[in-house]
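Examining the three-dimensional arrangement
Below are the chains, spelled out letter by letter.
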Amino acid sequence: MHDPRIIVALDFSSAVDALQLVNRLEPRLCRLKVGKELFTTAGPQFVEKLIAKGFDVFLDLKFHDIPNTVAKACAVAVNLGVWMINVHALGGRKMMMAAREAISNSPTRLIAVTLLTSMDQGDLADIGLQGTPEQIVERLAQLTKDCGLDGVVCSALEAKRLRQQLGDDFCLVTPGIRSADSQSDDQMRITTPRQAILNGAHYLVIGRPITQADDPILVCRQLSKEISSI
Ligand code: C5P
């Protein structure tokens, strides 16, 4: 069975633009990520359309609310037939456990975002969070695992430590991926697909290097070849 490691981030503001790209991709080579921008404009029907085309969909809506609300949102997301969903670990133990419980009979993977990579030490002080970003990421990833979730989103640089800390079965999904020869866009800390996999990432979220490419399927093929040769 094929298990593509590449998740293409469909960061588009219209269904038409997203579909134009999707029609040039193949489920055998990649999975797709639908985030807040595309979901807000195109809705659940669009997600169902992607699934009907044979793609596994990561619905990246990062739920964060009271436990009951998050649990119910997870349950309806799972009913769409998505492959993976996520919540914010900062929502806490009760929220994550309620989410897990709500979809315990489903094959959909449930992961958490630890700390947004946009938050620096000053942002943490503003909201009263103690410790360095690294310490907080480790603590929230451990909490995520303790609550029975399947994994976390993390940078490839964090993946190495989290893989050691949390074991081989805990799923690590890493954005910020760029080929050695490509531009970094606005990503501050980037890692090659090869290095991310060597660091212990299971899945790589890749946006612009594929979505903005002249030949997206070719880039996708090259990246999967690079990964599978490891
Ligand atoms: O275009 P690019 O490859 O930078 O896109 C990366 C994707 O991963 C985007 O959808 C972005 O929102 C997401 N992401 C990220 N950094 C994080 C978490 C998510 O770039 N820390």
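The coordinates are above.
The notes below deal with the structure included here. (Residues numbered from 1 in each chain as written. Predicted model: local features only at pLDDT ≥ 70, side-chain atom pairs only at ≥ 80, totals over all residues. Heavy atoms only, no water.)

**As for the overall build of the chain**
- Helix and strand content of the chain: 10 helices and eight strands.
- Taken against the 2.2 N^0.38 rule, which gives 17 Å for 230 residues, the C-alpha radius of gyration of the chain at 17 Å falls within 12% of a compact globule.
- Based on the C-alpha atoms only, the size of the chain along its principal axes is roughly 45 × 35 × 35 Å.
- Counting only residues that meet the buried cut, the chain has 48% of its 230 residues in that class.
- Looking at the chain alone, contacts between residues at least 24 apart form 66% of all its contacts between residues at least 6 apart.
- For the chain, the accessible surface area stands at approximately 11,300 Å², while carbon and sulfur atoms represent 50% of it.
- Within the chain, the 26 negative side-chain charges are centred at a point lying 4 Å from the centre of the 25 positive side-chain charges. (Helix = DSSP H or I, 4+ residues; strand = E, 2+ residues; numbered from the N terminus. Rg over C-alpha atoms; globule rule 2.2 N^0.38 Å. Buried < 20%, exposed > 50% of the residue type's maximum accessible area, 1.4 Å probe, protein only. Contact = heavy atoms within 4.5 Å. Areas by Shrake-Rupley, 256 points an atom, 1.4 Å probe, with all protein chains shown as cover. Lys, Arg positive; Asp, Glu negative; His and termini not counted. Charge placed at Lys NZ, Arg CZ, Asp CG, Glu CD.)

**Description of the site of the ligand**
- Around the ligand, the structure places Ala9, Asp11, Lys33, Thr117, Pro175, Arg178, Gln187, Val205, Ile206, Gly207, Arg208 and Pro209.
- One of the side-chain N or O atoms of Asp11 is found 2.7 Å from an oxygen atom in the ligand.
- Interatomic distance of 2.7 Å between a backbone N/O atom of Arg208 and an oxygen atom of the ligand.
- Within the complex, the protein chains bury 78% of what would otherwise be the 460 Å² of accessible surface of the ligand.
- Contributions of two or more residues to the shell around the ligand are made by strand 8 (203-206) and helix 9 (208-211).
- Residue classes in the shell around the ligand are distributed as five nonpolar, three polar and four charged. (Near = heavy atom within 4 Å. Polar contact = N/O pair within 3.5 Å; in protein donor to acceptor, adjacent residues only side chain to side chain. Nonpolar A, V, L, I, M, F, W, Y, C, P; charged D, E, K, R; others polar.)

**Considering the sheet that holds strand 8**
- Strand order in the closed barrel formed by eight strands is 1-2-3-4-5-6-7-8, and the pairing between neighbours is parallel. Across the sheet, the mean angle from the axis of one strand to that of its neighbour is 25°, orientation sign disregarded.
- Note that strand 3 (residues 57-63) and strand 4 (residues 84-88) share three bridges and pair parallel. Residue pairing across strands places Phe63 opposite Val87, the latter belonging to strand 4.
- Running over the sheet, helix 3 (residues 67-79) touches strand 3, strand 4 and strand 5 (109-113) and is turned about 165° from strand 4. (Pairing = 2+ DSSP bridges. Axes fitted to C-alpha atoms, helices over the stretch in contact; angles between N-to-C directions.)

**Some points on the environment of Leu29**
- Inspection of the secondary structure puts Leu29 in the loop between helix 1 (15-22) and strand 2 (31-35).
- On a C-alpha basis, the gap between Leu29 and Arg221 in space is 7.0 Å, while along the polypeptide they are 192 residues apart.
- Aside from chain neighbours lying at most four places away, what touches Leu29 is Pro4, Ile6, Ile217, Cys220, Arg221 and Ser224.

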